[in-house]
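Given next are the chains, with one letter for each unit.
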Amino acid sequence: MTPLIMTCGDPAGIGPEIAVKASQALGAKAGFVWLGDPAHLPDAAQWEFVDAPLEAQHVRPGVMPVLYHKFPALARPGKPDPSNAGAVVEVIARAVKLVQAGAASGIVTCPINKAALQTGAGFGFPGHTEYLADLAGVDRVVMMLVCRELRVVPVTIHIALKDVPGRLTAALLKETLCITRASLIRDFGIAEPKLAVAGLNPHAGESGLMGQEDAEVITPVVERLRQQGMKLSGPLPADTMFHSAARAKYDAAICMYHDQALIPIKTIDFANGVNVTLGLPFIRTSPDHGTAYDIAGQNKADASSLIAAIRLAQDMAERRR
Ligand SMILES: NC(=O)c1ccc[n+]([C@@H]2O[C@H](COP(=O)([O-])OP(=O)(O)OC[C@H]3O[C@@H](n4cnc5c(N)ncnc54)[C@H](O)[C@@H]3O)[C@@H](O)[C@H]2O)c1
Ligand SMILES: N[C@H](C(=O)O)[C@H](O)COP(=O)(O)O
């Protein structure tokens, strides 16, 4: 199987150091090529240039294969350099081209700093998810976060809380449910996925006493898809969806906004959570954390989430063979 492409992410963040830690920890099972500028890697890193992803098979286990991408400036941990922002974006686009050309089996993205990319490169997307959809030419993708105990999907993602009710449409909810179900079948081997749908308002609107979206937007979609055979529950009060007994009743929780989904999973298992983008024509995973400028370059960063992202991408690629 062709290797994964790992994008370097923001070189001022913890991406370079966790990539090296993942390469060392996984050894012969690393199965990825790091796309970036080795000048940003920790001094003690063991790495080797390759000219193409397939050459990674000839690199000694524990040594990280590097596909070179030129960056204008060295990296200062914790201090993003605007002059590097353009190259951070280029690396993502180059990784997509490589996977679309069949040179790689999927993409694992190291963290970017959204604000830094906006400042340094006028990056107009809220994050990888939206940018990758644009590069792939698809209208809708779904962000799912996964750990051993829970899978969550935010229907709306990187928008202000005040804008959520207006963006929470029946069409968006239906597409999110359908894309999520299809991926759970294809990529996670769940024959008949059970999806728990959260309400938007406290107590799922309390029969309309605390908001109308649950009854007017969410319920009609859930009932219609349930009649078509989808295994759905909800809209449920979100505050009682995530304890262990509740989690045992479903395969994924569909939440109405970013933090309604991400708080529970990053509370349950921040160290091993994985962000996977559903609906792309290629595999993409990512750690569930960001650039962590506050600890970058101090050898404090935990590579577990990146390792879990690598393993999930490899599992998905194996299933799709
Ligand atoms: N997939 C991604 O590219 C991604 C994911 C999340 C956040 N971000 C971006 O990263 C930037 C910073 O975001 P943030 O501060 O909200 O979250 P963050 O995850 O970067 O950091 C939050 C806290 O968790 C700690 N932390 C994060 N990863 C860690 C690791 N691997 N090991 C040990 N400690 C770790 C950090 O030190 C910090 O104290 C923002 O621009 C955000 O949008 C990107
Ligand atoms: N919302 C994700 C999280 O908090 O982990 C992360 O920001 C995803 O961003 P991307 O679209 O860049 O993967």
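The protein chain goes by 4-hydroxythreonine-4-phosphate dehydrogenase in an unreviewed UniProt entry, where it is assigned to Roseinatronobacter bogoriensis subsp. barguzinensis. Heading Function (unreviewed entry) of the UniProt record for the protein chain holds this comment: "Catalyzes the NAD(P)-dependent oxidation of 4-(phosphooxy)-L-threonine (HTP) into 2-amino-3-oxo-4-(phosphooxy)butyric acid which spontaneously decarboxylates to form 3-amino-2-oxopropyl phosphate (AHAP)." According to the UniProt record, the Subcellular location (unreviewed entry) comment for the protein chain reads "Cytoplasm".

Student: Residues and numbers for the overall build of the protein chain, please.
Tutor: Broken down by element type, the protein chain carries 10 helices and 12 strands. By its C-alpha atoms, the protein chain is 60 × 40 × 35 Å across when sized along the principal axes. The long-range share in the protein chain, meaning contacts at least 24 apart out of those at least 6 apart in sequence, stands at 72%. With the model as given, the accessible surface of the protein chain reaches about 13900 Å², and the carbon-plus-sulfur share is 52%. On the protein chain, the mean spot of the 30 positive side-chain charges and the mean spot of the 31 negative ones are 4 Å from each other.

Student: Go over the sheet that holds strand 1 (residues 4-7), please, and point to the residues and values.
Tutor: Pairing in this open sheet of 12 strands is mixed, and the strands run 3-4-2-1-5-12-11-6-7-10-8-9 from one edge to the other. Unpaired on one side and paired on the other, strand 3 (47-49) and strand 9 (231-236) mark the two borders of the sheet. Averaged over all pairs of adjacent strands, the angle between their axes in this sheet comes to 25 degrees, without regard to strand direction. Relative to strand 5 (residues 107-109), strand 1 is paired through 3 bridges, and the arrangement is parallel. Among the inter-strand pairings, Met-6 is bridged to a residue of strand 5, identified as Val-108.

Student: Help me get a handle on helix 6 (residues 170-188), residues and values and all.
Tutor: The end-to-end C-alpha distance of helix 6 is 26 Å, a good match for the 27 Å that 19 residues give at a rise of 1.5 Å each. Following helix 6 by one or two positions, Gly-189 adopts a phi angle in the positive range, close to 65 degrees.

Student: Mind laying out the UniProt feature "binding site: substrate" (unreviewed entry) in the protein chain, listing which residues take part and the relevant values?
Tutor: Summarizing the sequence annotation, UniProt attributes the feature "binding site: substrate" (unreviewed entry) to His-128, Thr-129, Lys-266, Asn-275 and Arg-284 in the numbering used throughout. Residue His-128 is classed as buried on the basis of its relative accessible area, which comes to 8%. Setting aside residues no more than four positions away along its own chain, His-128 makes contact with Ile-92, Thr-109, Cys-110, Ile-112 and Arg-284. Position of Asn-275 relative to the elements: it lies in strand 11 (residues 274-278). By relative accessible area, Asn-275 is classed as buried at 10%. Residue contacts for Asn-275: discarding those within four places in its chain leaves Met-143, Met-144, Leu-145, Arg-284, Thr-285, Ser-286 and Pro-287.

Student: Got a sec to walk through the side chain of Arg-151? Specific residues and values, please.
Tutor: Along the chain, the position of Arg-151 falls in strand 7 (residues 150-154). Of note is the side chain of Arg-151, whose polar atom sits 2.8 Å from the backbone oxygen of Asp-251. For Arg-151, the residues in contact, after removing those within four places along its chain, are Met-144, Leu-145, Val-146, Leu-184, Phe-188, Ile-190, Asp-251, Ala-252 and Ala-253.

Student: Give a detailed account of the pairing of strand 10 (residues 252-255), specifying residues and quantitative values.
Tutor: Of the two faces of strand 10, the one carrying Ala-252 and Ile-254 and the one carrying Ala-253 and Cys-255 are both buried. Here 3 bridges tie strand 7 to strand 10, and the two strands are oriented parallel to one another. Looking at strand 10, one finds that Val-152 is bridged to Ala-253. Of the strand pairs in this sheet, strand 8 (residues 194-198) and strand 10 are connected by 3 bridges, and their pairing is parallel. From the neighbouring strand, Val-197 faces strand 10, where its bridge partner is Ile-254.

Student: Can you lay out the UniProt feature "binding site: a divalent metal cation" (unreviewed entry) in the protein chain for me, pointing to particular residues and giving the numbers?
Tutor: Summarizing the sequence annotation, UniProt attributes the feature "binding site: a divalent metal cation" (unreviewed entry) to His-158, His-203 and His-258 in the numbering used throughout. Taken along the chain, the residues just named run across 101 residues; in space they spread out, the farthest C-alpha pair reaching 23.7 Å. Positionally, His-203 belongs in the loop between strand 8 and helix 7 (213-227). Relative accessible area serves as the criterion here: at 42%, His-203 is assigned to the partly exposed category. Topologically, His-258 is positioned in helix 9 (residues 258-269). Looking at His-258, the relative accessible area reads 21%, which means it is partly exposed. Apart from residues no more than four positions distant in its own chain, His-258 is found in contact with Pro-154, Thr-156, Ile-157 and His-158. Polar contacts involving the side chain of His-258 include one to the side chain of Asp-259, which spans 2.7 Å.

Criteria and cut-off values
Residues numbered from 1 in each chain as written. Chains lettered and ligands numbered in written order. Predicted model: local features only at pLDDT ≥ 70, side-chain atom pairs only at ≥ 80, totals over all residues. Heavy atoms only, no water. UniProt positions renumbered as here; feature names shortened; annotations may be inferred. Helix = DSSP H or I, 4+ residues; strand = E, 2+ residues; numbered from the N terminus. Contact = heavy atoms within 4.5 Å. Areas by Shrake-Rupley, 256 points an atom, 1.4 Å probe, with all protein chains shown as cover. Lys, Arg positive; Asp, Glu negative; His and termini not counted. Charge placed at Lys NZ, Arg CZ, Asp CG, Glu CD. Pairing = 2+ DSSP bridges. Axes fitted to C-alpha atoms, helices over the stretch in contact; angles between N-to-C directions. Expected span 1.5 Å × (residues − 1). Buried < 20%, exposed > 50% of the residue type's maximum accessible area, 1.4 Å probe, protein only. Polar contact = N/O pair within 3.5 Å; in protein donor to acceptor, adjacent residues only side chain to side chain.

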